[in-house]
Amino acid sequence: MNVRPRRSVLYVPGSNRRALEKARTLPADGLILDLEDAVAPGAKEEARRAVGAVITALDFGHREVAVRVNGPATPWGADDLAFAARCGAHAVVLPKVESPDEVLAAERALAAAGAPPELGIWCMIETPRGVIAAPTIAAASPRLVALVMGTSDLVKDLRARHTPARTEVLYALGAVLVAARAHGLAALDGVHLDLSDDAGLEASCRQGRDLGFDGKTLIHPKTVEVANRIFAPSEAELAEAARIIAAHAEAEASGRGVVVVDGRLVEALHVEMARRVVALAEAIAAR
């Protein structure tokens, strides 16, 4: 089973050369080198050059590197896509996607600019229209790899308020997660904005993990450790997975169709889940 860890995906401002260089030393599973929200209008072209320079010059190791471009209606969108097609990143992140047509237009632009077949597309879902269209967006392109929640913009558009329990976005989180899983895509949770609220960050990560997200997008290096820890299998989960796999294999070998582990009935679906837990742990350990 091939599982790619995406426990922690850190946004890095494309205009901050020091942050770009530091990112390659952080234990994040992924990096989004940002040309959009984190970059002032007057610094867009310089940010693009800086991102291109660090991808070319630096070794990011195991980290998955994505570039978030500006939207197609902006003065920088077309040039950003042409740049992303050939810059050497693993993926291009499209902001505020609201329809499959936007994905297809980006796909055509990337292909015209010479993007390699392995360049993936990540779609940010951060508006009400995006949430409603998530199922068709998720099915739009074979280049599509992940759906990324943009909960900050979504809360603004909903005229809602950020709450500790995130009840204001639970519907959207579930809808986007279901769309992603229906099409075999990764799903990344939105950012936690309050960097002084360590308990809130932990709770948000645990909630995202329990809902089914692969990991969390982050805005500060100090939050990477928490996301890595919470979205990784615990020792207890690994031990339970090993017991389930072993017990099921023993039952099959002896011709028994039913097996009980720790007082609970184990079926094929539980074995599949256990194998994924083990595969994720092995992929993390390999780093």
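One structure accompanies this document, and this report is about it. (Residues numbered from 1 in each chain as written. Predicted model: local features only at pLDDT ≥ 70, side-chain atom pairs only at ≥ 80, totals over all residues. Heavy atoms only, no water.)

**A few points about the sheet that holds strand β1 (residues 8-13)**
- Spatially, the 8 strands close up into a barrel ordered β1-β2-β3-β4-β5-β6-β7-β8, and their pairing is parallel. Strand after strand, the sheet turns through a mean of 25° between neighbouring axes, direction not considered.
- Of the strand pairs in this sheet, strand β4 (residues 91-94) and strand β5 (residues 120-125) are connected by 4 bridges, and their pairing is parallel. Counted as the bridge partner of Leu94 is Cys123 from β5. (Pairing = 2+ DSSP bridges. Helix = DSSP H or I, 4+ residues; strand = E, 2+ residues; numbered from the N terminus. Axes fitted to C-alpha atoms, helices over the stretch in contact; angles between N-to-C directions.)

**Re the side chain of Glu36**
- Structurally, Glu36 can be placed in the loop between β2 (30-34) and α2 (44-57).
- A residue is classified by how much of its surface remains accessible, and Glu36, at 8% relative accessible area, is buried.
- The residues touching Glu36, leaving out its near neighbours within four places in the chain, are Lys44, Arg68, Val69, Asn70, Pro95 and Lys96. (Buried < 20%, exposed > 50% of the residue type's maximum accessible area, 1.4 Å probe, protein only. Contact = heavy atoms within 4.5 Å.)

**Some words on the nonpolar core**
- If you look at the biggest cluster of nonpolar residues, it comprises 67 residues, and the most contacted ones within it are Leu33, Ile55, Val67, Leu94, Cys123 and Leu147.
- At 6 residues, helix α8 (residues 170-182) tops the list of elements feeding residues into this core.
- Grouped together as the second largest cluster of nonpolar side chains are 13 residues, Ala66, Trp122, Ala146 and Val148 included. (Core = buried A, V, L, I, M, F, W, Y, C linked by side-chain atoms within 4.5 Å.)

**Observations regarding the packing of α2 against helix α3 (residues 77-86)**
- As a packed pair, α2 and α3 sit with axes 11 Å apart at the nearest point and diverge in direction by 5°. When the axes of α2 and α3 are compared, the pair comes out roughly parallel. Contacts between α2 and α3 involve Arg48, Val51 and Gly52 from the first element and Asp79, Asp80 and Phe83 from the second.
- Among the residues forming the contact of α2 with α3, the class breakdown is 2 nonpolar, 1 polar and 3 charged. (Parallel < 35°, antiparallel > 145°, perpendicular 65-115°, else oblique. Nonpolar A, V, L, I, M, F, W, Y, C, P; charged D, E, K, R; others polar.)

**Section: the pattern of salt bridges**
- Inspection of the entire model under this criterion finds 22 salt bridges.
- A salt bridge links Arg229 to Glu202, with the shortest nitrogen-to-oxygen separation between them at 2.6 Å. Of this pair, Arg229 sits in helix α10 (residues 224-230) while Glu202 sits in helix α9 (residues 198-211); the two residues are 27 residues apart in sequence, bridging distant segments of the chain.
- Judged by its relative accessible area of 22%, Glu202 falls in the partly exposed class.
- Of the charged contacts, one joins Asp262 and Arg243 as a salt bridge, the two residues approaching to 2.7 Å between their closest N and O atoms. Placement of the pair is Asp262 in the loop between β9 (259-261) and β10 (264-266) and Arg243 in helix α11 (residues 235-253), with a sequence separation of 19 residues.
- Taken together, the salt bridges that share partners define one network made up of Asp34, Glu36, Arg68, Lys96 and Asp153. (Salt bridge = Lys/Arg side-chain N within 4 Å of Asp/Glu carboxyl O.)

**What to know about the packing of aromatic side chains**
- This model, assessed by the stated rule, comprises 0 aromatic pairs.
- Here the guanidinium or amino end of Lys44 rests over the ring plane of Trp76, the centre of that ring lying 5.1 Å away. (Phe/Tyr/Trp six-rings, centres within 6.5 Å; stacked < 30°, edge-to-face > 60°. Lys NZ or Arg CZ within 6 Å of the ring centre and 35° of its normal.)

**What to know about α3**
- Among all positions of α3, only Gly77, Asp80, Leu81, Phe83, Ala84 and Ala85 are buried.
- Looking one or two places after α3, you find Gly88, whose phi comes out positive at around 100°.

**Description of unusual backbone geometry**
- You will see that Lys96, though not glycine, has its phi angle at about 50°, which is positive.
- With respect to the helices and strands, Lys96 occurs in the loop between β4 and α4 (100-112).

**Considerations on the pairing of strand β7 (residues 186-189)**
- The alternating pattern of β7 places Ala186 and Leu188 on one face and Ala187 and Asp189 on the opposite face, and all of these are buried.
- Summarising the sheet, strand β6 (residues 144-149) and β7 pair through 3 bridges and their orientation is parallel. Bridge assignment links Ala146 to a residue of β7, and that residue is Ala186.
- Across 2 bridges, β7 lies against strand β8 (residues 215-218) in parallel orientation. When the bridges of β8 are listed, Leu188 appears paired with Gly215.
- For the handedness criterion, the β-α-β arrangement of β7, α9 and β8 is classed as right-handed. (Right-handed = clockwise from strand over helix to strand, strands pointing away.)

**What to know about the environment of Ala160**
- Looking at the element boundaries, Ala160 is found in the loop between α7 (151-158) and α8.
- Take Ala160: its relative accessible area is 29%, and that puts it in the partly exposed class.
- Separated by 72 residues in the primary sequence, Ala160 and Gly88 have C-alpha atoms spaced 39 Å apart.

**Quick word on the pairing of β5**
- Judged by how many residues are buried, β5 sits mostly within the fold: 6 of 6 residues are covered.
- Residues Gly120, Trp122 and Met124 of β5 are buried on one face, and the alternating residues Ile121, Cys123 and Ile125, pointing to the opposite face, are buried as well.
- Read from β4 through α4 to β5, the crossover connection turns out right-handed.
- Here β5 runs beside β6; their pairing, made up of 5 bridges, is parallel. What sits directly across from Trp122, in β6, is Ala146.

Taken by themselves, the reported measurements are silent on function.
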